[in-house]
Amino acid sequence: STLLHPLVRLCACHRELNATCTDGNGNPGESKFLVQSCSCGSGYGGTFCDVDVDGCNDIDCFPGVECIDNPAPLTGATCGDCPNGTVSRNDSCEDVNECKSNATNDCEQNCANNLGSFSCSCNAGYTLSQDGKSCDG
């Protein structure tokens, strides 16, 4: 007489998202059920490959710049535009030193560069006028 030992393979992977099933938990010789694990396609993760992996977890954008996740099946992310007073260089934002340019530095006496901006100040004995640029003395 022939003895049959059927094996049921259970796969809950999202195949429409390019997930594939692989043999996982269970020993076919001991169980009638074999729960298969998932191997996820590009840009997807999670137990059943149904989660869009957030590419912003792997990228550091300049402070105050929005990170934009590339939707699966794409991977990674991109950073938004650099804020005013900075310029984009080598996938990063760098501060513009407004004090070094006559086009932006209109301080009468002293200029201090700040991240994304600048401020004016006056020498001892002078006070900064209301326009924030000229000095009264």
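Everything here concerns the structure above.
Residues numbered from 1 in each chain as written. Predicted model: local features only at pLDDT ≥ 70, side-chain atom pairs only at ≥ 80, totals over all residues. Heavy atoms only, no water.

Comments concerning the state of the cysteines
Counted only if it meets this: By convention in this document, the label disulfide applies to cysteine sulfur atom pairs within 2.5 Å. Elements are defined by DSSP. Helices are runs of H or I of four residues or more, strands are runs of E of two residues or more, and each kind is numbered from the N terminus.
What the rule picks out here adds up to nine disulfides. Paired by a disulfide, Cys 61 and Cys 79 hold their sulfur atoms 2.0 Å apart. Between Cys 61 and Cys 79, the S-S torsion sits near -95°, and that sign places the bridge as left-handed. Here Cys 79 lies in strand β7 (residues 77–79) and Cys 61 lies in the loop between β5 (51–52) and β6 (67–69), a separation of 18 residues in the sequence. A sulfur-sulfur distance of 2.1 Å marks the disulfide that ties Cys 82 to Cys 93.

Focus on the side chain of Asn 105
Here is the rule we go by: Polar contact is the term for a pair of N or O atoms within 3.5 Å; when the atoms are in protein, one must be able to donate a hydrogen and the other to accept it, and sequence-neighboring residues count only if both atoms are side-chain atoms. The contact definition used throughout considers only heavy atoms, calling two residues in contact when any of these lie within 4.5 Å.
Position of Asn 105 relative to the elements: it lies in the loop between β9 (92–95) and β10 (110–114). Here the side chain of Asn 105 touches Cys 99 through a polar contact of 3.1 Å, landing on its backbone oxygen. Residues contacting Asn 105, with those up to four places away along its chain left out, are Glu 98, Cys 99 and Cys 111.

A short note on the environment of Ser 42
Tracing the backbone shows Ser 42 in the loop between β3 (33–39) and β4 (44–45). Counting along the chain gives 25 residues from Ser 42 to Leu 17, while the straight-line C-alpha distance between them is 8.8 Å. Here Ser 42 is in contact with Ala 72, Pro 73 and Thr 75, once residues within four sequence places are set aside. Of note is the side chain of Ser 42, whose polar atom sits 3.1 Å from the backbone oxygen of Pro 73.

Topic: the nonpolar core
Cut-off, in case you're wondering: By nonpolar core we mean a set of buried residues, namely Ala, Val, Leu, Ile, Met, Phe, Trp, Tyr and Cys, connected to one another through side-chain atoms within 4.5 Å. Accessible area is worked out with a 1.4 Å probe on protein chains only. A residue is then buried under 20% of its type maximum, exposed over 50%, and partly exposed in between.
Residues Cys 13, Ala 19, Cys 21, Cys 38 and Cys 49 constitute the largest nonpolar core, which totals five residues. Excluding its chain neighbours within four sequence positions, the residues that come into contact with Cys 49 are His 14, Leu 17, Ala 19, Cys 38, Ser 39, Cys 40 and Tyr 44.

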